[in-house]
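What follows is each chain in one-letter form.
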Amino acid sequence: MKPREIKDGIYWVGAVDWNRRSFHGYSLSHKGTTYNNYLIKDEKIALIDTVAEEFWPTLQCNLAHVLGSDEKIDYFVINHLEPDHAGSLALAVEKYRPEKIYTSPMGQKAMEAHFHYKDWPVEVVPTGTEISLGKRTLHFVEARMLHWPDSMLTYCPEDKIVFTNDAFGQNWATSERFADEVDRAVLERLMGEYYANIVLPYSAVVLKLIASIREMGLAIDTICPDHGLIFRGDDCKWVMDKYVEFAEQKPKNKAVIVYDTMWHSTEKMALATASGLADAGVSVRVMCMKNNHHSDVMSEIFDAAAVVVGSPTHNNTILPLMADMLTYMKGLRPQNKIGAAVGSFGWSGECIKILTKWLEDCNMEVVEGIKVKHVPTHEVLGQCYEQGKAIAAAIKAKIG
Ligand code: FEO
């Protein structure tokens, strides 16, 4: 895929990874991803971020297309040190020998720890720093913990363009480069998945950052993330509004029932609770961990008002696929949820206590759990159905 000029003298020079399926456990919905990076041609030539190391040949080829015979880059700007963006940095430094490498204060520390360099021309650019490329300037804004301590945004006021690194990204390998060139419903779904699985724990940072961008009155007509499609024109407001909506985590009239089951007793209970919820008018998703990836479950949980977790007792604890799910969910810190547990047992019966502790650790408002010895009777399934109705009432009280 050739580079694409996205504004006069500003080029996308990234790589499309059609085959990527996972980022350290976050499953990419079979859509792949892109590693976007950008070249600005001015009196000084600046490269914003790099690509994953295995795409270094692609990046070299793209840069050669744009630079022509004068293969010179004066400045590197490194907005984030995670290897999907900085994986080619050492190779690029060796080839282009830049005059300066600009990064955030925490970026410098991460750069040292990743590359153990001795003589790179690194210059730290805290928030408020401005450099000139000639006709253009670049301004730097630290975005600590969005989603690493080193994360930084780079803004060019002359072109009203901001390079946001992971923020506003989506994992979607496409031949199109702009958000207005693809199906909007798919784009929005993939933005939500990305947010739920990467950005969610840092929602307070998102709200603060967008509020300060708006307070500063920065003129922005192009937002360039390092994954997925680029936003231009009215889409800039659209994506920022969408991020505010994601970050506020206002729950919808929706419940996710996530469970694993040994001999189908817990499954029957989970389905009965789901029926009670659905009959009370709540939109329900039922997801068995044998058939669903934890990141797909998380994509459903993040805008739901309630989460029902189910597991039988197994070796005095819960089934491992549920332990995996709960560990993943707790790390992503979803807010404003109601939680409940169901589960069967044979002899010791710790499942509800353990599941409830996970829900409490996620700060959920807990509705009483239900456990049953071996196989649920019609009466127990009726209790689960009523549990679903009680959760539905709690959802209505919560969301109005
Ligand atoms: Fe896309 Fe935090 O790397």
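The structure we're discussing is the one just above.
Residues numbered from 1 in each chain as written. Predicted model: local features only at pLDDT ≥ 70, side-chain atom pairs only at ≥ 80, totals over all residues. Heavy atoms only, no water.

Novice: Could you give an account of the overall build of the protein chain, naming the residues involved and the relevant values?
Specialist: Within the protein chain, the secondary structure is distributed over twelve helices and 25 strands. For the C-alpha atoms alone, the extent of the protein chain along its principal axes is close to 80 × 40 × 35 Å. Across the 400 residues of the protein chain, 57% fall into the buried class. Pairs at least 24 apart in sequence give 72% of the contacts found in the protein chain among residues at least 6 apart. When the accessible surface of the protein chain is summed, it comes to about 16,300 Å², and 52% of that surface belongs to carbon and sulfur atoms. Here the protein chain holds 42 positive side-chain charges and 52 negative ones, and the gap between their average locations is 3 Å. (Helix = DSSP H or I, 4+ residues; strand = E, 2+ residues; numbered from the N terminus. Buried < 20%, exposed > 50% of the residue type's maximum accessible area, 1.4 Å probe, protein only. Contact = heavy atoms within 4.5 Å. Areas by Shrake-Rupley, 256 points an atom, 1.4 Å probe, with all protein chains shown as cover. Lys, Arg positive; Asp, Glu negative; His and termini not counted. Charge placed at Lys NZ, Arg CZ, Asp CG, Glu CD.)

Novice: Any chance you could break down the pairing of strand S10 (residues 100–103) for me, citing the residues and the numbers?
Specialist: When strand S9 (residues 75–78) meets S10, the two strands line up parallel, connected through four bridges. Note on S10: the bridge partner recorded for Ile 78 is Thr 103. With three bridges joining them, S10 and strand S11 (residues 122–124) adopt parallel strand pairing. Residue pairing across strands places Ile 101 opposite Val 122, the latter belonging to S11. Crossover handedness for the path S10 to helix H4 (residues 105–115) to S11: right-handed. (Pairing = 2+ DSSP bridges. Right-handed = clockwise from strand over helix to strand, strands pointing away.)

Novice: Give a detailed account of the sheet that holds strand S12 (residues 130–132), specifying residues and quantitative values.
Specialist: In spatial order, the strands read S12-S13-S14-S15-S16-S17; together these six strands make up an open sheet with mixed pairing. Across the chains shown, the open sheet's two edge strands, defined by having one partner strand only, are S12 and strand S17 (231–232). Of the strand pairs in this sheet, strand S13 (residues 137–142) and strand S14 (residues 152–156) are connected by four bridges, and their pairing is antiparallel. Residue pairing in the sheet places Glu 142 in a bridge with Met 152 of S14.

Novice: Talk me through unusual backbone geometry; I want residue IDs and the actual numbers.
Specialist: For the bond from Leu 146 to His 147, the omega torsion is 10 degrees, close enough to zero to count as cis. Topologically, His 147 is positioned in the loop between S13 and S14. Even without being glycine, Asn 315 reaches a positive phi, approximately 50 degrees. With respect to the element layout, Asn 315 can be found in the loop between strand S21 (313–314) and strand S22 (317–318). On the basis of relative accessible area, Asn 315 is assigned to the exposed category, the value being 62%.

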